[in-house]
Amino acid sequence: MTLSVAIQMDPIERIRIAGDTGFALMLEAQERGHTLYTYTPEKLSLRDGTVTARMRPVTVRDVEGDHFTLGTEEKVDLSTLDVVLLRQDPPFDMAYVTTTHMLERVHPKTLVVNNPTEVRNAPEKIFVTHFPELMPPTLITRDRAEIEAFRDEFGEIVMKPLYGHGGATVFKTGKDDPNFGSLFDLFSNLFREPWVVQGFIKEVSEGDKRIILIDGKAAGAVNRVPAAGDLRANMVRGGAARPTDLSKKELEICEAIGPELSRRGLLLVGIDVIHGKLTEINVTAPTGVRAIKKLGGPDLAAQLFDVIEAKRAG
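What you see is a predicted model; the values in this text were computed from it and never measured.

Undergrad: So what exactly am I meant to see when it comes to the overall build of the protein chain here?
TA: A tally of regular secondary structure across the protein chain gives nine helices and 17 strands. For the protein chain, the C-alpha radius of gyration of 20 Å lies close to 20 Å, the compact-globule estimate for 314 residues. Its C-alpha atoms give the protein chain principal-axis dimensions of roughly 60 × 45 × 40 Å. Relative to its full complement of 314 residues, the protein chain shows a buried share of 52%. Roughly 14,300 Å² of accessible area belongs to the protein chain as shown, and the carbon and sulfur atoms make up 48% of that amount. Taking the 39 positively charged and 45 negatively charged side chains of the protein chain as two groups, their mean positions are separated by 2 Å.

This is the structure we're talking about:
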């Protein structure tokens, strides 16, 4: 089976291929003989009910600095494609949301991964709150009195923007922190949305585990250990990737949320688990696939394309 596969992504010349999951998917698609295209979100258009994009055929190779060759740009009706991979990085802002409105016009005739309607309906730091029994204590608000009451109850807390990504603007604060007022003012000025406030999990120093689920089933994991002096384990913030296995508790988390992910058509999902507590469900452009394979884990790009091909064949 040969598929036409387009990747909606950030400019291909800017990606860091060593850790880019979208690039891993492109390599896998090419290895299977699929026709590959790439385009950026601003190339999308909607006219009279038809969604098109100006895209370019692409060949890829796993060579840093020489990782792609682009063909001539052409205007393509997305409904004529077999698969679109939604892979541009957040921020999850109105520009991002608008692309999901456009892509849902062609899905599921053209299989969009992940389902754009459910990407829009499942912001990672809100969707996870459907499973409060699996999470650390979590508050979503911008009300200072509520945050202070939460801090008084749990002592050390973590504050982060609701639609942030990659560990940016994540702070830890406590009951006697003289910087809390300034931190509150900073968040008030930077973000119009509520913020996420969670009880601090001190075991984060042992790692923040990224677990990849494919069509609702646990497929692989990497443990991300924060750099010295930093609470953020994100690899783009200096976190170190370590091989890992899944604990009984982590498998139970995956089994609890997996059916809902599959039902929503969220085929590639990355969840974050700290000391047995679920903190985020990442559905926009989850990463970790390349790190897992590099550390001796399974080839998750191949597993995902097995699922994609089965769905297209069906």
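Undergrad: Honestly, the environment of Arg87 in this entry has me stumped. Any pointers?
TA: Along the polypeptide, Arg87 turns up in the loop between strand S7 (83–86) and helix H2 (94–103). Residue class for Arg87 comes out buried when judged on its relative accessible area of 8%. Those residues in contact with Arg87 that sit more than four places away from it in its chain are Ile7, Gln8, Met9, Thr21, Gly22, Leu25, Leu268, Ala285 and Pro286.

Undergrad: I'm lost on the pattern of salt bridges in this one. Help?
TA: When their charged atoms lie close together, side chains carrying opposite charge are able to pair. The full count for this structure, using the stated rule, is 22 salt bridges. A salt bridge links Asp66 to Arg61, with the shortest nitrogen-to-oxygen separation between them at 3.1 Å. Judged by its relative accessible area of 41%, Asp66 falls in the partly exposed class. A salt bridge links Glu260 to Arg263; the shortest N-O distance between them is 2.7 Å. Placement of both Glu260 and Arg263 in helix H7 (residues 248–263) is noted, with a separation of three residues, approximately one turn of the helix. Given a relative accessible area of 60%, Arg263 falls into the exposed group. Members of the salt-bridge network, linked through shared partners, are Glu28, Arg32, Asp306 and Glu309.

Undergrad: What's the story with helix H5 (residues 144–154) in this structure? I'm lost.
TA: The α-helix winds at 3.6 residues per turn, so residues separated by three or four positions along the chain end up facing the same way. Every buried residue of H5 is accounted for by Ile147, Phe150 and Arg151. In a view along the axis of H5, the buried residues occupy a sector of 100°, so they form one face of it. Residues Ala145 and Glu153 are exposed on H5 and point more than 90 degrees away from its buried face. Next to the buried residues of H5 lie strand S9 (138–141), strand S10 (157–161), helix H6 (180–190) and strand S12 (195–199).

Undergrad: Explain the sheet that holds S10 here, please?
TA: As summarised here, the arrangement of the four strands in space is S9-S12-S10-S11, forming an open sheet in which the pairing is antiparallel. Edge strands, defined here as strands with exactly one partner in the open sheet, are S9 and strand S11 (171–173). Averaged over all adjacent pairs, the angle separating strand axes in this sheet is 25°, with direction ignored. Pairing analysis gives five bridges linking S10 to S12, with the strands arranged antiparallel. Residue pairing in the sheet places Val158 in a bridge with Gln198 of S12. Taken strand by strand, H5 contacts S9, S10 and S12, and its axis lies near 165° from that of S9.

Analysis parameters
- Residues numbered from 1 in each chain as written.
- Predicted model: local features only at pLDDT ≥ 70, side-chain atom pairs only at ≥ 80, totals over all residues.
- Heavy atoms only, no water.
- Helix = DSSP H or I, 4+ residues; strand = E, 2+ residues; numbered from the N terminus.
- Rg over C-alpha atoms; globule rule 2.2 N^0.38 Å.
- Buried < 20%, exposed > 50% of the residue type's maximum accessible area, 1.4 Å probe, protein only.
- Areas by Shrake-Rupley, 256 points an atom, 1.4 Å probe, with all protein chains shown as cover.
- Lys, Arg positive; Asp, Glu negative; His and termini not counted.
- Charge placed at Lys NZ, Arg CZ, Asp CG, Glu CD.
- Contact = heavy atoms within 4.5 Å.
- Salt bridge = Lys/Arg side-chain N within 4 Å of Asp/Glu carboxyl O.
- Arc of directions from axis to C-beta.
- Pairing = 2+ DSSP bridges.
- Axes fitted to C-alpha atoms, helices over the stretch in contact; angles between N-to-C directions.

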